[in-house]
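Summary of structural features
Each chain, letter by letter, is given below.
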Amino acid sequence: MSNEKLRSEALAYHAKPQPGKIKIVPTKPYATQRDLGLAYSPGVAEPCLEIFKNKDDVYKYTAKGNLVAVITNGTAVLGLGDIGPEASKPVMEGKSLLFKIFADIDSIDIELDTKDVDKFIETVKIMAPTFGGINLEDIKAPEAFEIERRLKEELDIPVMHDDQHGTAIISAAALLNALEITKKKIEEVRIVISGAGAAAVSCTKLYKAFGASAKNIVMLDSKGVIRSDRENLSVEKQEFATDRKIDTLEEAMVDADVFIGLSIADVVNPEMLLAMAKDPIVFAMANPDPEIAYDLAVSTRKDIIMATGRSDHPNQVNNVLGFPFIFRGALDVRATKINEEMKMAAVKALADLTREAVPEQVNIAYGQTRLTFGKDYIIPKPFDPRLISSIPPAVAKAAMDSGVAKMPILDWDKYKEELLLRSGNDNKVVRMMYERAKASPKKIVYAEADHLDVLKAAQIAFDEGIAIPILLGNREIILELKKEIEFDADITIIDSHTEESENIRNQYAEKFWNNRKRSGITLYGAKSKMRERNYFGAMMVLEGDADGMISGYSRAYPTVVKPIFEVIGKAANVKKVATVNILTTERGPVFLADTAINIDPTAEELADIAQMTANVATTFGFDPVMALLSYSNFGSSTHSDATKVREAVEILHTKKPDLLVDGDIQADFALNPELLQSKFPFSKLAGKKVNTLIFPNLSSANITYKLMKELYKSESIGPIMMGLSKSVHILQLGASVNEIVNMTAVAVIDAQEREKRKKAKLNIN
């Protein structure tokens with residue numbers, strides 16, 4: 001993506017459909033006069049009086065206990081420097097967004113218009129009663145050190161400057177694991193730190209807390225090696241001044257075991273790497289460009305363990321692995337501070353988590369056969385669902401053990417369950433889909449590329465590395481639209497109506513006719529159909545000229561389905577093609593089927609649809625917990641509409657005994673584990689969190705998913721085609737750009753899975 005394109009898209013993202021990235025929503029009913037009377041006057045007086053009697057009751061009656069302030073003065077923003085409080089606000093809103101989606105913490109960004117340390121501290125202290133925690137952000141050194149130190153001393157809520165401690169915590173975990181792999185001891189390794197800002201100082205202090213020896217550490221700033229004989233060193237730099245008579249990074253790197261980069265791009269060259277000790281550990285964390293490029297580093301030293309701050313290489317040192325979960329643990333025990341013990345506990349939990357077997361969900365998200373602890377996996381991935389159940393408990397326990405917790409946790413199993421429930425309210429499934437698609441992008445035909453929204457989606461898929469688009473449609477219109485949206489990439493465009501497509505059109509027609517000549521299709525008719533984009537595009541996929549296809553944006557579903565069925569057809573052993581939609585909800589992703597094709601399936605067909613849907617859920621890394629829905633519960637009705645659902649469940653219990661499925665069951669019982677447990681404790685679903693719903697007919701499925709989508713603004717992925725012999729997926733009429741991009745990722749993943757199965761079959765044979 002060009003810089004200008006990135007600029008325009010970033011500005012549009014922040015400006016539309018409404019400015020900013022966060023908003024406040026009510027958590028209590030407010031529909032009636034009674035509700036409003038409880039929310040405000042006169043009812044609100046009662047919690048006010050209770051808090052007046054006992055100040056700690058503010059946590060009981062208000063949102064304080066789950067509210068963090070992200071506070072800055074805009075003096076050291078990302079790589080932008082001192083840009084002021086207003087210009088820093090998009091970054092702070094972004095931090096608030098990350099708090100919410102990773103740890104379900106509500107956050108408000110506050111930008112202070114002052115560079116005066118005393119004013120800054122006094123202002124934060126005055127507003128502190130509002131918040132359960134304070135996240136300081138993007139404040140320049142050395143002021144950042146004093147601001148954090150004094151606020152930690154003077155406030156009784158957790159305070160952390162993430163620029164200092166976030167990178168320190170994540171990189172320390174990675175360092176412990178890298179040392180484990182290389183069988184080196186932290187007490188003995190020689191460490192070079194490039195950079196002397198807030199992050200570098202905090203990193204080095206934390207490494208020392210884990211045993212790194214001061215005599216083995218060399219720190220450099222913009223003037224070179226920080227030596228003990230240098231004049232005018234700050235207090236922070238004095239702690240790390242070396243007695244060694246060296247001046248340059250090149251000298252410091254000789255025989256060094258570890259390089260920690262928190263400075264600027266390209267300060268390390270291959271010669272410096274070659275001068276390092278055996279099995280060097282190099283964390284080049286300058287963003288966006290590291291101190292030495294990843295590819296250059298790993299090609300220079302085969303024995304290197306390399307980490308960067310970038311997501312496009314292994315071992316990303318990403319602060320999002322730390323701050324949401326550290327604050328989560330601190331808030332949940334009502335800690336009065338975030339101390340060294342809590343930070344060290346987070347380090348150990350991250351390091352230990354990396355050494356555990358990685359869930360298939362994470363392997364799938366990153367397109368890996370199996371992520372295992374080793375040189376290319378020394379730190380967990382940001383999408384690892386175990387982070388929220390691993391880091392907060394470790395932090396909370398450390399707070400309790402060190403005496404700073406005011407509300408200790410008594411039931412750890414229950415606490416971990418509560419944490420896992422918190423992790424279901426974001427769009428992880430979409431992010432994981434994109435990451436997986438990017439691992440091995442496939443050629444996807446966009447059959448309606450001469451429509452602006454479809455072309456925009458193709459552009460995003462290309463820019464994100466999700467897919468390799470093939471644009472099908474009117475060439476002149478496509479070229480004009482490409483110019484309009486600055487889609488400059490050299491992308492294949494095919495107009496199936498033109499003379500230049502005649503040869504391939506005739507080849508496809510001949511093959512289509514051979515396949516369908518006993519179904520009433522003439523060769524002339526086949527040639528005519530190949531002028532239609534859905535027939536032509538489907539033949540591209542059938543013949544292997546493309547890996548998948550997306551269509552349906554501008555035409556009614558039945559119109560698009562017909563050519564797909566005629567060209568592609570069902571996969572072997574599939575009786576009925578069906579569809580599933582994935583809805584992202586507050587409880588996590590929910591799979592709903594069949595939402596688009598089978599009007600009134602039989603019991604046997606429902607069982608088949610359920611099995612295919614379970615396979616889709618598994619493909620996306622989720623263990624299906626499946627309810628077959630009805631208006632009845634476990635035989636309460638003998639009507640045929642209910643009995644067919646019951647029969648489908650009996651088929652599944654017999655054929656697929658390991659599948660967690662039950663029914664017939666009403667939707668409210670299926671989605672309420674406690675209600676189901678109390679009324680029907682014998683059910684396989686009792687006490688379980690259902691994530692897959694199979695509907696008795698098309699009407700109920702289609703109406704339900706569209707109601708949920710519109711009423712709750714749930715993101716919909718689908719309808720995903722199940723049972724076709726190739727990766728072809730049909731959009732809902734007028735799908736949004738985001739929905740088309742999501743379906744592109746689905747088509748790519750579908751093609752990846754088919755390729756994987758084909759290779760496995762060849763290996764078996």
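These lines cover the structure that appears in this document, whether it is placed above or below. (Residues numbered from 1 in each chain as written. Predicted model: local features only at pLDDT ≥ 70, side-chain atom pairs only at ≥ 80, totals over all residues. Heavy atoms only, no water.)

If you walk across this open sheet you meet the 6 strands as S18-S17-S19-S16-S15-S20, and the pairing is mixed. The two strands at the open ends of the sheet, each matched to only one other strand, are strand S18 (660-665) and strand S20 (715-722). Strand-to-strand, the axes of this sheet are offset by a mean angle of 20 degrees, without reference to chain direction. Alignment of strand S15 (residues 578-585) against strand S16 (residues 588-593), held across 6 bridges, turns out to be antiparallel. Bridge assignment links Thr-584 to a residue of S16, and that residue is Pro-589. (Pairing = 2+ DSSP bridges. Helix = DSSP H or I, 4+ residues; strand = E, 2+ residues; numbered from the N terminus. Axes fitted to C-alpha atoms, helices over the stretch in contact; angles between N-to-C directions.)

Assignment of secondary structure puts Thr-692 in strand S19 (residues 692-694). At 2.9 Å, the side chain of Thr-692 forms a polar contact with the side chain of Asn-691. Thr-692 has contacts with Phe-591, Thr-613, Ala-617, Pro-624, Val-625, Met-626 and Ala-627, leaving out every residue within four places of it along the chain. (Polar contact = N/O pair within 3.5 Å; in protein donor to acceptor, adjacent residues only side chain to side chain. Contact = heavy atoms within 4.5 Å.)

What follows concerns the packing of helix H6 (residues 117-127) against helix H7 (residues 143-154). Between H6 and H7, the least distance of the axes is 10 Å, while the angle of their chain directions is 35 degrees. Helix-helix and strand crossings are classified by hand; for H6 and H7 the assignment is right-handed. In this structure, H6 contributes Val-117, Asp-118, Phe-120, Ile-121, Val-124 and Lys-125 to the contact, and H7 contributes Glu-143, Glu-146, Ile-147, Arg-150, Leu-151 and Glu-154. Of the residues assigned to the contact of H6 with H7, the class counts are 6 nonpolar, no polar and 6 charged. (Left-handed = near helix turned anticlockwise from the far one by under 90°. Nonpolar A, V, L, I, M, F, W, Y, C, P; charged D, E, K, R; others polar.)

Before going further, it helps to spend a moment on the sheet that holds strand S6 (residues 217-221). Reading across from one edge, S7-S6-S5-S8-S9-S10 is the order of the 6 strands in this open sheet, with mixed pairing throughout. A single partner strand is all that each edge strand has here, and the edge strands are strand S7 (224-225) and strand S10 (305-308). Across 4 bridges, the pairing between strand S9 (residues 281-284) and S10 is parallel. Residue Ala-284 lies in a different strand from S10, and its bridge partner there is Thr-308. Running over the sheet, helix H8 (residues 162-182) touches strand S8 (258-261), S9 and S10 and is turned about 160 degrees from S9. Packing against the sheet, helix H9 (residues 198-209) makes contact with strand S5 (191-194), S6 and S8, and its axis sits at approximately 175 degrees to S6.

Viewed as axis vectors pointing N to C, helix H17 (residues 387-401) and helix H18 (residues 412-422) meet at an angle of 135 degrees, and their least axial separation amounts to 9 Å. Between H17 and H18, the interaxial angle falls into the category oblique. The chirality of how H17 crosses H18 is right-handed. Of the residues in H18, those touching H17 at Ile-388, Ser-389, Pro-392, Pro-393, Ala-396, Lys-397 and Met-400 are Trp-412, Tyr-415, Lys-416, Leu-419, Leu-420 and Arg-422. (Parallel < 35°, antiparallel > 145°, perpendicular 65-115°, else oblique.)

On to the pairing of S10. Side chains Ile-305 and Ala-307 project from S10 onto one buried face, and the interleaved Met-306 and Thr-308 project onto a second face that is buried too. In this fold, S9 hands off to helix H13 (residues 294-300), which returns the chain to S10; that crossover is right-handed. (Buried < 20%, exposed > 50% of the residue type's maximum accessible area, 1.4 Å probe, protein only. Right-handed = clockwise from strand over helix to strand, strands pointing away.)

Next up on the list: a negative patch on the surface. A contiguous patch of negative charge on the surface is contributed by Asp-411, Asp-413, Glu-417 and Glu-418. Along the chain, Asp-411 falls in the loop between H17 and H18. For Asp-411, a relative accessible area of 43% gives the class partly exposed. (Patch = residues over 30% accessible without salt bridge, like charges linked within 9 Å, V, L, I, M, F, W, Y side chains within 5 Å. Areas by Shrake-Rupley, 256 points an atom, 1.4 Å probe, with all protein chains shown as cover. Salt bridge = Lys/Arg side-chain N within 4 Å of Asp/Glu carboxyl O. Lys, Arg positive; Asp, Glu negative; His and termini not counted. Charge placed at Lys NZ, Arg CZ, Asp CG, Glu CD.)

Tallied over the entire structure, the rule returns 45 salt bridges. Arg-475 serves as the salt-bridge partner of Glu-500, at 2.9 Å between the closest nitrogen and oxygen. Here Glu-500 is found in the loop between strand S13 (492-494) and helix H22 (502-516), whereas its partner Arg-475 is found in helix H21 (residues 475-484), with 25 residues between them in sequence. With a relative accessible area of 60%, Glu-500 lands in the exposed category. A relative accessible area of 30% places Arg-475 in the partly exposed class. Beyond isolated ion pairs, a larger network of salt bridges with shared partners links Asp-118, Lys-125, Glu-146, Arg-150 and Glu-154.

Core analysis: the biggest nonpolar cluster contains 77 residues, and Phe-283 and Met-342 have the highest contact counts within it. Excluding residues that lie within four positions of it along the chain, Phe-283 makes contacts with Ser-171, Ala-174, Leu-175, Ala-178, Phe-259, Ile-260, Gly-261, Ala-307 and Ile-378. By size, the runner-up hydrophobic cluster in this structure holds 66 residues, among which are Val-429, Ala-461, Val-645 and Leu-731. (Core = buried A, V, L, I, M, F, W, Y, C linked by side-chain atoms within 4.5 Å.)

Burial within S18 is extensive, with 5 of its 6 residues counted as buried. At this point the chain moves from strand S17 (residues 625-629), through helix H27 (residues 640-655), to the parallel S18, and the crossover so formed is right-handed.

Further remarks concern unusual backbone geometry. Note that the residue after Ala-141, namely Pro-142, is joined by a cis bond; omega there is 5 degrees. Its place among the elements puts Pro-142 in the loop between strand S3 (133-136) and H7. A positive phi angle, close to 55 degrees, is found at Asp-138, a residue other than glycine. Note on placement: Asp-138 falls in the loop between S3 and H7. Judged by relative accessible area, which is 4%, Asp-138 ranks as buried. Unusually for a residue other than glycine, Lys-183 sits at a positive phi of about 60 degrees. Tracing the backbone through its elements, the reader meets Lys-183 in the loop between H8 and S5.

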